[in-house]
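# Residue-level structural notes
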Amino acid sequence: MQLKEVTVEGYRSLKALRFAIEPLTVLVGRNAAGKTNLYRALSLLQAAAEGSICRSIAEEGGVESVLWAGPREKLTQKLVLGAQFEELEYRIEIGLPGLAEQALDMEPMVRHERLALTYRDITVVLLERKGPLLWLRDDRGNTQRHERKLLASETALAAIRDGGRYPELALVRQEMQSWRFYHDIRTDEGAPVRNPSLALSAPTMSSDGSDLAAVFATLAYVKQDMGAVKTAIEDAFPRAELIVSALDGKCRFAMRFPDMDRPFAAHELSDGTLRYLYLMGALLGYRLPPFIAINEPEASLHVNLLPPLARLIARTAETSQVWVVTHSEMLAAHLAHCTGTLPRLVKKVEGATTIAGVTVEGMKRELGAVG
């Protein structure tokens with residue numbers, strides 16, 4: 001079930017946007033253009049599926065902190081997020097509770113939720129939630145009010161778990177929960193990615209990379225296929241070798257370079273090398289998620305690693321949807337060269353984040369600058 005479009009209204013610098021999601025989506029722009037807000041809006045949609053969207057908003061400073069930061073025409077403000085799949089569309093609205101509503105003071109409140117199925121010109125509402133009240137359409141086509149009243153911070157998408165009676169609801173929830181987000185990649189001395197992993201099969205890498213060694217070990221000893229990993233290593237570090245072990249309940253990895261006498265363990269690797277290995281773990285796992293979002297993957301990487309990174313991302317985009325947010329026009333140009341997918345320029349117009357296409361000529365000029 002492929003993600004087709006995302007809607008964001010009233011989130012920080014995102015006044016009102018509806019934008020298509022491709023097999024590979026590349027957003028490029030300067031600092032403070034709103035790229036990170038787009039990324040966070042997607043992660044909030046996943047939080048709705050997990051039932052933690054209100055907590056996430058509270059941790060960001062509350063509703064007033066996340067609402068549209070530009071001029072407000074109305075006194076009542078709300079945050080709206082939507083995900084359009086092939087025939088199903090989920091939409092959620094978050095705001096502050098009114099005086100008579102059952103919620104804590106200044107608590108982020110789910111004011112409205114809706115899941116609808118559209119086939120040709122016919123739209124069927126499968127879920128409609130207004131405040132604590134909920135209506136559901138079951139697998140037999142019957143629509144009725146659900147007897148359970150939801151708390152202000154609960155989402156119906158997460159709370160209703162009967163997949164037998166409400167299969168479309170379960171399908172959308174499972175799809176969104178399987179998305180993966182990779183950002184704020186730590187490579188400092190105490191970073192989780194530098195430590196051994198527990199010897200547990202890891203089909204998909206966690207966001208902090210704490211199971212990176214287990215991801216590599218799963219490919220080496222469970223799948224018994226390191227072909228893609230070896231190709232990516234050779235592409236980025238010619239004649240180098242990734243060494244993977246699973247001993248005494250721990251998984252470890254090290255790099256052997258052609259000009260060094262011994263292999264270097266994870267805690268000894270440079271930030272750039274380790275970051276590239278982290279990205280390999282995210283993009284080459286045993287079981288790739290249907291949607292992968294990566295924020296600023298180029299950070300700490302030498303420019304020579306950008307072409308191999310573009311080829312790595314392009315390979316993954318053949319089977320999973322990949323969303324890349326980057327400052328690097330050079331990386332965007334290499335991705336366009338590999339895939340034919342032009343990046344989309346993120347910029348601000350009168351304080352509001354907008355998304356526009358980038359011309360082929362612009363990408364050719366950037367590739368020419370790369371040499």
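Since this is a predicted model, take the numbers as computed values, not measurements.

What counts as what
Residues numbered from 1 in each chain as written. Predicted model: local features only at pLDDT ≥ 70, side-chain atom pairs only at ≥ 80, totals over all residues. Heavy atoms only, no water. Helix = DSSP H or I, 4+ residues; strand = E, 2+ residues; numbered from the N terminus. Buried < 20%, exposed > 50% of the residue type's maximum accessible area, 1.4 Å probe, protein only. Contact = heavy atoms within 4.5 Å. Pairing = 2+ DSSP bridges. Axes fitted to C-alpha atoms, helices over the stretch in contact; angles between N-to-C directions. Salt bridge = Lys/Arg side-chain N within 4 Å of Asp/Glu carboxyl O. 1 Å grid on protein atoms, 1.4 Å probe; cavity = no way out; pocket = protein on both sides within 12 Å on 5 of 7 lines; lining within 4 Å. Points joined across faces, edges and corners; volume = space filled by probe spheres on them. pLDDT = per-residue confidence, 0-100. Patch = residues over 30% accessible without salt bridge, like charges linked within 9 Å, V, L, I, M, F, W, Y side chains within 5 Å. Areas by Shrake-Rupley, 256 points an atom, 1.4 Å probe, with all protein chains shown as cover. Polar contact = N/O pair within 3.5 Å; in protein donor to acceptor, adjacent residues only side chain to side chain.

Right, let's get into unusual backbone geometry. With a phi close to 55°, Gln-224 is a non-glycine residue in the positive phi region. With respect to the helices and strands, Gln-224 occurs in the loop between helix 6 (212–222) and helix 7 (227–236). Looking at Gln-224, the relative accessible area reads 63%, which means it is exposed.

Residue placement: Gln-84 occurs in strand 4 (residues 79–84). Assessed through its relative accessible area of 17%, Gln-84 is described here as buried. Gln-84 has contacts with Gln-2, Leu-3, Lys-4, Glu-5, Arg-18 and Glu-89, leaving out every residue within four places of it along the chain.

To continue, consider the sheet that holds strand 1 (residues 5–11). Across the sheet, which stays open at both edges, the eight strands sit in the order 2-1-4-5-6-7-8-9 with antiparallel pairing between neighbours. Every interior strand has two partners, whereas the edge strands, strand 2 (14–20) and strand 9 (143–145), have only one. Averaged over all pairs of adjacent strands, the angle between strand axes in this sheet comes to 15°, irrespective of strand direction. One ladder, built from six bridges, connects strand 4 with strand 5 (residues 88–95); its direction is antiparallel.

What follows concerns the pairing of strand 13 (residues 250–256). Alignment of strand 11 (residues 197–198) against strand 13, held across two bridges, turns out to be antiparallel. Bridging from a neighbouring strand, Ser-197 pairs with Cys-251 of strand 13. Examined bridge by bridge, strand 12 (residues 241–247) and strand 13 share seven bridges and lie antiparallel to one another. Bridging across to strand 13, Glu-241 finds its partner in Arg-256.

Per the counting criterion, the structure on display carries 14 salt bridges. Glu-5 is paired through a salt bridge with Arg-18; the nearest N and O atoms lie 2.8 Å apart. One end of the pair, Glu-5, is in strand 1; the other, Arg-18, is in strand 2, and 13 residues separate them in sequence. According to the relative accessible area criterion, Arg-18 is partly exposed, its value standing at 45%. Between Arg-129 and Glu-113 there is a salt bridge, with its nearest N and O atoms 2.9 Å apart.

A word on empty space enclosed by the protein. Taken as a whole, this structure holds one cavity of 30 Å³ or more when the rule is applied. Taken as a whole, the largest cavity holds about 40 Å³ of empty space. Taken together, Leu-115, Leu-126, Leu-127, Leu-136, Arg-137, Tyr-166, Glu-168 and Leu-169 make up the full set of residues lining the largest cavity. At the level of elements, strand 7 (122–130), strand 8 (133–137) and helix 5 (167–177) are the ones that each hand at least two residues to the lining of the largest cavity.

Moving on: the confidence of the model for the chain. On average, the chain scores 91 in pLDDT, and the residues at 70 or more come to 94%. The model gives residues 362–371 a pLDDT under 50, and that stretch makes 14 contacts with residues more than four places away or in other chains.

In this section: a nonpolar patch on the surface. The grouping of Tyr-221, Val-222 and Tyr-286 at the surface amounts to a nonpolar patch, some 290 Å² of accessible area in total. Checked against the element boundaries, Tyr-221 lands in helix 6. With a relative accessible area of 46%, Tyr-221 lands in the partly exposed category.

By the bridge criterion, eight bridges tie strand 5 to strand 6 (residues 109–119) in an arrangement that is antiparallel. Its bridge partner being in strand 6, Glu-93 is matched across the sheet by His-112. Strand direction decides the pairing type here: strand 6 and strand 7, joined by eight bridges, are antiparallel. Across the sheet, the residue bridging to Leu-117 is Val-124, located in strand 7. Taking the residues that link successive antiparallel strands as the turn, the strand 6-strand 7 hairpin has two residues, and the phi of Arg-120 there is positive, at about 55°.

Let us look at the environment of Thr-204. On the secondary structure map, Thr-204 appears in the loop between strand 11 and helix 6. On the basis of relative accessible area, Thr-204 is assigned to the partly exposed category, the value being 21%. With 77 residues separating them in the primary sequence, Thr-204 and Gly-281 have C-alpha atoms 8.1 Å apart. Aside from chain neighbours lying at most four places away, what touches Thr-204 is Arg-180, Tyr-182, Asp-211, Val-215, Arg-287 and Pro-289. One polar contact links the side chain of Thr-204 to the main-chain carbonyl oxygen of Arg-287, over a distance of 2.6 Å.

Spatially, six strands are ordered 10-15-16-3-17-18 in an open sheet, and the strand pairing comes out mixed. In this open sheet, the two edge strands, each paired with only one partner strand, are strand 10 (180–182) and strand 18 (352–357). The average undirected angle you get between the axes of adjacent strands in this sheet is 20°. Set on the sheet, helix 10 (residues 329–339) makes contact with strand 3 (24–28) and strand 16 (321–326); between it and strand 3 the angle comes to about 155°.

What follows concerns the environment of Val-229. As for its placement among the helices and strands, Val-229 is situated in helix 7. A residue is classified by how much of its surface remains accessible, and Val-229, at 3% relative accessible area, is buried. Not counting residues up to four positions away in its chain, the partners in contact with Val-229 are Leu-219, Leu-242, Met-280 and Leu-284.

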